[in-house]
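Notes for the structure review
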Amino acid sequence: MKRPTIADIARQAGVSKVAVSYALNDRPGVSDAKRALIKAIAEEIGWRPNSAARALNGARANSVGLTVCRPARILGVEPFYMELISGIEGELSARSYALMLQVVADPGQEMEVYRRWWGERRVDGAILVDLRFSDPRITELEDLGLPAVVVGHPSEAGSLVPVWSDDTAAVREAVEYLVALGHRRIARVAGLPELVHTVLRDQAFIAACEDLGLTAYTITHTDYTGEEGARATRRLVSSPSRPTAIVYDNDIMAVAGLSVAQEMRLDVPGDLSVVAWDDSPLSQVVRPALTALTRDIPSYGAHAARTLLALIVGEEAEAFEDEAARLVPRGSTAPPPNG
């Protein structure tokens, strides 16, 4: 079926295409009655503005860009990103904005995508995730003048507006809880070591362990996948001084760690306690259900989108600190053996 055009509206209304353009763009030059008629015909035949033509005229694209530097196969099973995107989408769709999402192989490609989108006027703003230290994307986005919000800690966000949460308090709560249960050998299976939030969680974990007098703690870095989480767990529980509790940086790795424990005939939580970050339905359907550091991730995404939309329309936007994750104890944690 042929897409309705301005020429179709002009023919039905008995006016010129210029008059239709003036009416649809609320410009002077046509009477109120004619404007109402033209808009009614446009609605009736299902006409929609051409986004490319609107861009050439300097109009907004009514879309926001998000690139993610992760393998596409990981993105499809990562509850955090699915929930974050759902929150972003919910806020954007309510304002008739679209989300342009692209998965890339490295941070350099991210900037190529943003430069192309901005140059072609395909987006009005961008959301930046997976913040790194001295992140070159920050200065490049600043130089482009592209309105952007960083989902990450303010210390590395430059002049861009950050939306973030305090992971330090959540890490400490998890460690204090495990120590209160009697655990003295605690491990952390962390994410990518070049990311700001990974390093901040590492530092918080080390500080909490040392403040509580623990010396037998370890940190292992992974790429967030279930395969790497399983491999790290296998190494940890095979060591002579295996930990009695492990805190994972996401629930995919925590579920993989639970499977490894069962494979190696370790009882969870009798022999090994397991804690997951970013609680999701996945954490609750396994048995035992996972103790988790939970937060409202869709709301986190919605806050980022809302902040960006304010920037796009020229409003003042300030850094937004979201609620910190909180610990929800479930069946995967208990006192250690002989504890």
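Residues numbered from 1 in each chain as written. Predicted model: local features only at pLDDT ≥ 70, side-chain atom pairs only at ≥ 80, totals over all residues. Heavy atoms only, no water.

**Description of the overall build of the protein**
Here is the rule we go by: Secondary structure elements follow DSSP: runs of H or I of four or more residues count as helices, runs of E of two or more count as strands, with numbering from the N terminus. Here the term buried applies to any residue with accessible area under 20% of the maximum for its type, exposed to any over 50%, and partly exposed to those in between, with areas from a 1.4 Å probe on protein chains only. Residue contacts are defined here by distance: any two heavy atoms, one from each residue, within 4.5 Å place the two residues in contact. For the accessible areas, the method is Shrake-Rupley and the probe is 1.4 Å, while residue cover comes only from the protein chains on display. Under the convention used here, Asp and Glu are negative, Lys and Arg are positive, and both His and the chain ends fall outside the count. By convention, the charge on Lys lies at NZ, on Arg at CZ, on Asp at CG and on Glu at CD.
Secondary structure summary: the protein contains 14 helices and 12 strands in total. Seen through its C-alpha atoms, the protein measures out along the principal axes to roughly 90 × 40 × 30 Å. Counting every position in the protein, which comprises 339 residues, the buried fraction comes to 51%. By sequence separation, contacts in the protein at least 24 residues apart represent 69% of the contacts at least 6 residues apart. Entry remark: accessible area of the protein is about 15600 Å², with carbon and sulfur atoms responsible for 52%. Charged side chains in the protein number 35 positive and 45 negative. The centres of these two groups are separated by 7 Å.

**Description of the sheet that holds strand β7 (residues 216-221)**
The strands that make up a sheet are held in pairs by hydrogen bonds between backbone atoms, and each pair lies either parallel or antiparallel. We apply this condition: Two strands form a pair only when DSSP identifies at least two bridges running between them. Working convention: axes come from line fits to C-alpha atoms, limited for helices to the stretch in contact. Angles between N-to-C directions cover 0 to 180 degrees.
Strand order across the open sheet formed by 6 strands is β7-β6-β8-β9-β10-β12, with mixed pairing between neighbours. Each edge of the open sheet carries a strand with a single partner, namely β7 and β12 (326-328). Each neighbouring strand pair of the sheet contributes to a mean axis angle of 20 degrees, computed without reference to strand direction. Two elements, strand β6 (residues 185-190) and β7, share 6 bridges in a ladder whose sense is parallel. Note on β7: the bridge partner recorded for Arg185 is Ala216. Its contacts with the sheet put helix α12 (residues 251-263) on β6, β8 (245-248) and β9 (273-277), and the angle it makes with β9 is roughly 160 degrees.

**Quick word on the packing of helix α2 (residues 17-24) against helix α3 (residues 32-45)**
Helix packing geometry: the angle between the two helix axes and the distance between the axes. The line we're drawing: Here the word oblique covers every angle except those under 35 degrees (roughly parallel), over 145 (roughly antiparallel) and from 65 to 115 (roughly perpendicular). Residues are grouped as follows: Ala, Val, Leu, Ile, Met, Phe, Trp, Tyr, Cys and Pro are nonpolar; Asp, Glu, Lys and Arg are charged; every other residue, Gly included, is polar.
Closest axis-to-axis distance for the α2/α3 pair is 9 Å, and the angle between their directions is 90 degrees. As far as their axial angle goes, α3 and α2 are roughly perpendicular. From α2, Ala19, Val20, Tyr22, Ala23 and Leu24 reach across to α3, where they touch Arg35, Ile38, Lys39 and Ala42. In the contact of α2 with α3, the residues fall into 7 nonpolar, no polar and 2 charged.

**Section: the packing of aromatic side chains**
Going by this rule: By convention, a stacked pair of Phe, Tyr or Trp rings (six-membered ring in the case of Trp) has centres within 6.5 Å and planes under 30 degrees apart, an edge-to-face pair has planes over 60 apart, and any other such pair is tilted. Cation placement over rings: the criterion is NZ of Lys or CZ of Arg within 6 Å of the ring centroid and within 35° of the ring normal.
One pass over the full model with this rule turns up 3 aromatic pairs. Their ring planes at 80 degrees and their centres at 5.3 Å tell us that Phe80 and Tyr81 sit as a pair that is edge-to-face. For the residue pair Phe80 and Tyr81, the accessibility class agrees, reading buried in each case. Considering the side-chain rings of Tyr114 and Trp117, the 6.0 Å spacing of their centres and the 75 degrees angle between planes classify their relative orientation as edge-to-face. Here the residue Tyr114 and the residue Trp117 both occupy positions in helix α7 (residues 107-119), the gap between them amounting to 3 residues, near one helical turn. Here Tyr114 falls in the buried class, since its relative accessible area comes to 0%. The side chain of Arg201 reaches across the aromatic face of Trp277, ending 3.6 Å from its centre.

**Considerations on the side chain of Asp130**
Looking at the element boundaries, Asp130 is found in the loop between β3 (125-128) and α8 (136-144). Classification of Asp130 by relative accessible area gives buried; the value is 7%. Once you skip the residues sitting within four places of it in the chain, Asp130 turns out to touch Arg70, Tyr81, Asp135, Arg137, Leu195 and His197.

**Remarks on helix α6 (residues 79-94)**
Side chains that are three or four residues apart share a direction in an α-helix, a result of its 3.6 residues per turn. To be explicit about the condition: Any helix carries an expected span of 1.5 Å times its number of residues minus one.
Between its first and last C-alpha, α6 extends 23 Å over 16 residues, near the 22 Å set by a 1.5 Å rise per residue. For α6, the set of buried residues is Pro79, Phe80, Tyr81, Glu83, Leu84, Ile85, Gly87, Ile88, Glu91 and Leu92.

**Structural notes on α3**
To keep it simple, the criterion reads: To obtain the arc, one takes the directions from the helix axis to the C-beta atoms.
With 14 residues, α3 extends 20 Å from end C-alpha to end C-alpha; this agrees with the ideal 20 Å at 1.5 Å per step. Considered for burial, the residues of α3 that qualify are Arg35, Ile38, Ile41 and Ala42. Looking down the long axis of α3, one finds its buried residues gathered within 130 degrees of arc, a one-sided arrangement. For α3, the exposed residues lying more than 90 degrees away from the buried face are Asp32, Ala33, Glu43 and Glu44. Where α3 is buried, its residues meet α1 (6-13) and α2.

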